[in-house]
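Structural features, examined
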Amino acid sequence: MGVWETFWSGDALSRSVALLLLAMSVASWVVILWKGWMLRRALADVQRSAAAFWQAVDLDDGQRRLGGFDSQALLVPLVHAALTLEQTAPHTLAAAGDRSQQLTRVLRDALHGVLHRLQFGQVLLATVGSTAPFVGLLGTVWGIYHALTAIGMDGSFRIEQVSGPVGEALVMTAAGLAVAIPAVLAYNVLGRQIVRIEADLEGFARDLRELLVHPAGPGPTKD
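Since we're looking at a predicted model, the values are computed, not measured. (Residues numbered from 1 in each chain as written. Predicted model: local features only at pLDDT ≥ 70, side-chain atom pairs only at ≥ 80, totals over all residues. Heavy atoms only, no water.)

Considerations on the pattern of salt bridges
- For the structure on display, the rule yields 5 salt bridges.
- For the salt bridge of Asp-61 with Arg-64, the shortest nitrogen-to-oxygen distance reads 3.8 Å. Remark: Arg-64 and Asp-61 occur in helix H3 (residues 59-69); sequence separation between them is 3 residues, near one turn of the helix.
- Since its relative accessible area comes to 14%, Asp-61 is described here as buried.
- Classification of Arg-64 by relative accessible area gives exposed; the value is 58%.
- The structure contains a network of salt bridges with shared partners spanning Asp-61, Arg-64 and Arg-65. (Salt bridge = Lys/Arg side-chain N within 4 Å of Asp/Glu carboxyl O. Helix = DSSP H or I, 4+ residues; strand = E, 2+ residues; numbered from the N terminus. Buried < 20%, exposed > 50% of the residue type's maximum accessible area, 1.4 Å probe, protein only.)

Describing the nonpolar core
- In terms of nonpolar packing, the biggest core is built from 46 residues, with Leu-74, Leu-78, Leu-118, Ile-197, Leu-201, Phe-204 and Leu-208 touching the most fellow members.
- The set of elements that each furnish at least two residues to this core consists of helix H2 (12-53), H3, helix H4 (76-83), helix H5 (99-119), helix H6 (122-154) and helix H7 (159-213).
- With 13 residues, the top contributor of residues to this core is H7.
- Residues contacting Leu-201, with those up to four places away along its chain left out, are Val-46, Leu-74, Leu-75, Leu-78, Leu-111, Val-114, Leu-115 and Leu-118. (Core = buried A, V, L, I, M, F, W, Y, C linked by side-chain atoms within 4.5 Å. Contact = heavy atoms within 4.5 Å.)

Regarding H3
- By the burial criterion, the buried members of H3 are Leu-59, Asp-61, Gly-62 and Leu-66. The arc enclosing the buried residues of H3, seen along the axis, measures out at 150°, which places them on a common side. Turned more than 90 degrees off the buried face of H3, the exposed positions are Arg-64, Gly-67 and Gly-68.
- With a side-chain oxygen positioned 3.3 Å from the backbone nitrogen of Asp-60, the residue opening H3 is Asp-58. (Arc of directions from axis to C-beta. Polar contact = N/O pair within 3.5 Å; in protein donor to acceptor, adjacent residues only side chain to side chain.)

Overview of the confidence of the model for the protein
- Averaged over every residue, the pLDDT of the protein is 80; the share at 70 or more is 77%.
- Taken element by element, the protein is modelled with least confidence in helix H1 (residues 3-9), mean pLDDT 52, and with most confidence in H2, mean pLDDT 89.
- Residue range residues 218-223 is modelled with pLDDT below 50. Its contacts to residues more than four positions away, or to other chains, number 0 contacts. (pLDDT = per-residue confidence, 0-100.)

Considering the packing of H4 against H5
- Their axes nearest at 9 Å, the elements H4 and H5 cross at an angle of 155°. Our classification of the angle between H4 and H5 gives roughly antiparallel. The hand of the H4/H5 crossing is right-handed. Residues Pro-77, Leu-78, Ala-81 and Ala-82 of H4 lie in contact with H5, whose contacting residues are Leu-103, Val-106, Leu-107, Ala-110, Leu-111 and Val-114.
- A breakdown of the residues in the contact of H4 with H5 according to their chemical character gives 10 nonpolar, no polar and no charged. (Axes fitted to C-alpha atoms, helices over the stretch in contact; angles between N-to-C directions. Parallel < 35°, antiparallel > 145°, perpendicular 65-115°, else oblique. Left-handed = near helix turned anticlockwise from the far one by under 90°. Nonpolar A, V, L, I, M, F, W, Y, C, P; charged D, E, K, R; others polar.)

Some points on H5
- Under the 1.5 Å per step criterion, the end-to-end length of H5 is 30 Å for 21 residues, consistent within 8% with the ideal 30 Å.
- The positive-phi residue at the C-terminal boundary of H5 is Gly-121, with phi of around 95°. (Expected span 1.5 Å × (residues − 1).)

Re the side chain of Asp-70
- Inspection of the secondary structure assignment puts Asp-70 in the loop between H3 and H4.
- The charged side chain of Asp-70 is buried without a salt bridge, its nearest counter-charge being Arg-117 at 7.0 Å.
- The residues touching Asp-70, leaving out its near neighbours within four places in the chain, are Ser-49, Leu-75 and Val-76. (Lys, Arg positive; Asp, Glu negative; His and termini not counted.)

Points about the environment of His-214
- With respect to the secondary-structure elements, His-214 resides in the segment after H7.
- Sequence separation of His-214 and Ser-100 is 114 residues, and the distance between their C-alpha atoms is 9.2 Å.

As structure tokens, this is what we get:
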């Protein structure tokens, strides 16, 4: 019996389980391919962008340099937040505290926004990886239940009555594992890449904060 014959021979619950597994597989593979491409570019962009920024003569020049390298907009929000700090309305809580505290706050908020974009899709992969085997198992249990019910109604037992329906039901378990395993592997691999990028971003934000809190003074003059 082919795949389509097996699908249409099942009842509403069996078809729903199969469609749900298909939807979970398509969604997870879309996220895997998109995030794999995005994170690979992001990792290279962060390194090139940081190198270009620190060769700039000032913050404005650094922001312009980032525009040509930071295609994923990972470092630009941090520099933009630091540049717009001077536009904070006076006599407000946002302007309270010293400059170090203000920079810490705006850079932290900008960093959280960037990390939120990097983490997008990870929850989906974790959910698919943890629930797909159980969804497949539900289809298996339901198929075996129907096979045993048919035997009880027939009143006799023959191996061919069980082998076909049970074998088709066990396919659901295999399908659940086939959906879950790539999602789990991708979650771990992509998670490691996100951690590397996050470390680079945190280091850049810390260095930028130190630069603005303790700007370099004029060098020593000769007599």
